[in-house]
Amino acid sequence: MFKITENAISVDALHEQVLRDCHGAVVTFAGVVRDHSGETKTQFLEYEAYADMAEKKMAEIGAEVNEKWGIEQIAILHRIGRLEIGEISVLIAVASPHRAEAIHACHYAIDRLKEIVPIWKKEVGEDGAFWVEGPSKAAEKNRDDS
Amino acid sequence: MKVKLLFFASCRDIVGVKETDFELEASATLGDLKYSLRSTYPQLATREKTLSFAVNAEYADDSVKLSEGDEIALIPPVSGG
């Protein structure tokens with residue numbers, strides 16, 4: 001399942017979706033709204049997507065991890081609209097017979113999502129609201145920082 | 001021919017609409033469309049270098065030939081996740 005949703009995402013929303021009897025590992029990644037961006041305090045975020053294309057691109061990421069690691073079960077959910085601090089913006093779940101493939105594939109999937117999936121966030125803080133375009137400065141400094 | 005333009009995020013704020021119909025010569029390419037957009041939306045000029053374009057929900061380059069009814073999206077650098 002590769003889906004854009006307006007609804008709240010629970011941390012276990014995709015677990016059963018990807019898990020099969022042959023699997024020994026399920027790796028999930030949850031991207032969460034944090035309360036600051038650099039030195040600026042964030043009040044909330046607003047996400048917008050080109051939904052048709054975003055779902056198509058997320059499915060392509062699924063095909064890529066299948067090709068690279070033989071992963072057959074991966075699901076990605078991304079929320080749009082207004083999100084408060086601590087809420088989940090994106091959830092990725094990957095299941096595989098052994099853990100290494102699932103860990104690598106999940107890491108790859110979130111990095112790839114940030115590169116090619118047409119979704120944008122607007123940060124609303126004390127200094128006003130602005131669209132974030134491209135990787136944030138903090139993310140450039142530490143690419144594993146989400 | 002008529003195509004549909006989609007604007008997102010900062011582009012939507014700058015242009016003021018989410019989508020609009022746009023008239024083009026038959027057999028125009030995406031490059032031709034980008035050329036026309038410069039005079040229709042001069043306010044996007046500073047953004048042009050950072051934008052990607054999608055034709056019918058797929059990233060496309062300037063050589064892509066457009067057809068009646070195509071949906072063309074202006075894609076600012078993405079920031080999902």
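Above: the structure in question.
Asks: Just to check I follow, could you spell out the overall build of chain B for this structure?
Replies: Regarding its fold elements, chain B presents two helices and five strands. Going from the N terminus to the C terminus, chain B shows its helices and strands as β-α-β-α-β-β-β. The C-alpha radius of gyration computed for chain B amounts to 12 Å, which stays within 12% of the reference 12 Å derived for 81 residues, consistent with globular compactness. Principal-axis analysis of the C-alpha atoms places the extent of chain B at approximately 35 × 25 × 20 Å. Looking at chain B as a whole, 46% of its 81 residues qualify as buried. For chain B, the share of sequence-separated contacts (at least 6 apart) that also reach a separation of at least 24 residues comes to 52%.

Asks: Could you clarify how one ought to interpret the sheet that holds strand β3 (residues 52–55) of chain B in this entry?
Replies: Backbone hydrogen bonds hold the strands of a sheet together, and the pairing may be parallel or antiparallel. Residues and elements named next belong to chain B. Read across the sheet, five strands follow the order β2-β1-β5-β3-β4 without closing on themselves; strand pairing throughout is mixed. The two strands at the open ends of the sheet, each matched to only one other strand, are β2 (19–23) and β4 (58–59). Looking at chain direction, β3 and strand β5 (residues 71–75) are connected through four bridges and run antiparallel. Bridge assignment links V55 to a residue of β5, and that residue is I72.

Asks: I'm lost on unusual backbone geometry in this one. Help?
Replies: In most cases, non-glycine residues show a negative phi, while peptide bonds are predominantly trans. Residues and elements named next belong to chain B. Of note, the phi angle at A9 is positive, near 50°, even though the residue is not glycine. Relative to the helices and strands, A9 resides in helix α1 (residues 9–15). Taking the relative accessible area as the measure of exposure, A9 reaches 0% and is therefore buried. Not every positive phi belongs to a glycine, and S27 is a case in point at roughly 70°. Considering the arrangement of structural elements, one finds S27 in the loop between β2 and α2 (30–40).

Asks: Just checking my understanding: could you explain the pairing of strand β5 (residues 73–79) of chain A for this structure?
Replies: Successive residues of a regular strand alternate their side chains across the two faces of the sheet. Residues and elements named next belong to chain A. Burial analysis of β5 places seven of its seven residues in the buried class, the great majority of the element. In this structure, strand β1 (residues 2–5) lies alongside β5, joined through four bridges in parallel fashion. When the bridges of β5 are listed, T5 appears paired with R79. As defined by bridge partners, β5 adjoins strand β7 (residues 88–96) across six bridges and the pair is classed as antiparallel. The residue of β7 that forms the bridge with I76 is I92.

Asks: Would you mind going over the interface of chain A and chain B with me for this structure?
Replies: Reports of interface size often rely on the accessible area that becomes lost once the parts have come together. The interface is formed by 26 residues belonging to chain A together with 22 residues belonging to chain B. In total, chain A and chain B occlude about 1,900 Å² of area from one another, counting both sides; carbon and sulfur atoms represent 51% of this. On the chain A side of the interface with chain B, the three residues burying the most area are Y50, W120 and E133 of chain A, jointly 33% of the side's total. Inspection of the region where chain A meets chain B yields four salt bridges. With a shortest N-O distance of 3.5 Å, E58 of chain B and K56 of chain A are connected by a salt bridge. At the boundary of chain A with chain B, the tally comes to 21 residue pairs in polar contact (both at pLDDT 80 or more). Mapped onto the side of chain A that touches chain B, the elements with two or more residues apiece are β4 (40–49), α2 (51–69), β7, α3 (99–116), β8 (119–125) and β9 (128–132) of chain A.

Scoring rules and cut-offs
- Residues numbered from 1 in each chain as written.
- Chains lettered and ligands numbered in written order.
- Predicted model: local features only at pLDDT ≥ 70, side-chain atom pairs only at ≥ 80, totals over all residues.
- Heavy atoms only, no water.
- Helix = DSSP H or I, 4+ residues; strand = E, 2+ residues; numbered from the N terminus.
- Rg over C-alpha atoms; globule rule 2.2 N^0.38 Å.
- Buried < 20%, exposed > 50% of the residue type's maximum accessible area, 1.4 Å probe, protein only.
- Contact = heavy atoms within 4.5 Å.
- Pairing = 2+ DSSP bridges.
- Buried area = accessible area lost by both parts, 1.4 Å probe.
- Salt bridge = Lys/Arg side-chain N within 4 Å of Asp/Glu carboxyl O.
- Polar contact = N/O pair within 3.5 Å; in protein donor to acceptor, adjacent residues only side chain to side chain.

Purely geometric stuff here, so don't read any function into it on its own.
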